[in-house]
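Structural features, examined
One-letter residues, chain by chain:
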Amino acid sequence: MPVPRRRHSPSLQGRQRAHKKLAEKRYSYCPKCQAVKLPHRMCPTCGFYKDRQYLVQVEK
Ligand SMILES: [Zn+2]
């Protein structure tokens, strides 16, 4: 939150920033092909999500 400059000392600013970090990237595994995929997303490798196929492969 923006506050006037001197209201937070440099050490307080540093202490607050010590807890500010990026969250670790989350991922899960496809139960069908064990490939790494994003949670709550269709598997990009086999196209399955919740026992249903969503990605249809077109034969050439
Ligand atoms: Zn898969």
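Computed from a prediction, not measured in an experiment: that's the story for all the values here. (Residues numbered from 1 in each chain as written. Predicted model: local features only at pLDDT ≥ 70, side-chain atom pairs only at ≥ 80, totals over all residues. Heavy atoms only, no water.)

**Some details on the coordination of the zinc ion**
To keep things clear, this is the line we draw: Only nitrogen, oxygen and sulfur atoms qualify as donors, provided they sit within 2.8 Å of the metal or within 3.2 Å for Na, K and Ca; with water excluded from the atoms, sites may seem incomplete. When four donors show all angles between 85 and 135 degrees the site is tetrahedral, when four or six donors have opposite pairs over 155 degrees and all other angles between 65 and 115 it is square planar or octahedral respectively, and in every other case it is irregular. Residue burial is assigned from relative accessible area. The probe radius is 1.4 Å, only protein chains are included, and a residue is buried under 20% of its type maximum, exposed over 50%, and partly exposed in between.
Binding of the zinc ion to the protein goes through Cys30 (SG), Cys33 (SG), Cys43 (SG) and Cys46 (SG), at separations of 2.2 to 2.3 Å. Around the zinc ion sit four donor atoms; with metal-centred angles ranging over 106 to 118°, the donor geometry is tetrahedral. Donor residues for the zinc ion, ordered by position in the chain, follow C-x2-C-x9-C-x2-C. On the accessibility criterion, Cys43 (0% relative accessible area) is buried.

**With respect to the confidence of the model for the protein**
To be explicit about the condition: Looking at any residue, its pLDDT shows the predictor's confidence there, from 0 to 100. Under the scheme used here, helices are H or I runs from DSSP no shorter than 4 residues and strands are E runs no shorter than 2 residues, and both carry numbers assigned from the N terminus.
When pLDDT is averaged along the protein, the result is 84, and 93% of the positions lie at 70 or above. Per-element confidence in the protein ranges from a low mean pLDDT of 78 for strand 4 (residues 52-53) to a high of 93 for helix 1 (residues 10-17).

**Here's the deal with unusual backbone geometry**
With the exception of glycine, the majority of residues adopt a negative phi angle, and the majority of peptide bonds are in the trans configuration. One non-glycine residue, Gln34, adopts positive backbone phi at about 60°. Here Gln34 lies in the loop between strand 1 (28-29) and strand 2 (36-37). For His40, which is not a glycine, the phi torsion comes out positive at approximately 65°. Looking at the secondary structure, you find His40 in the loop between strand 2 and strand 3 (48-49).

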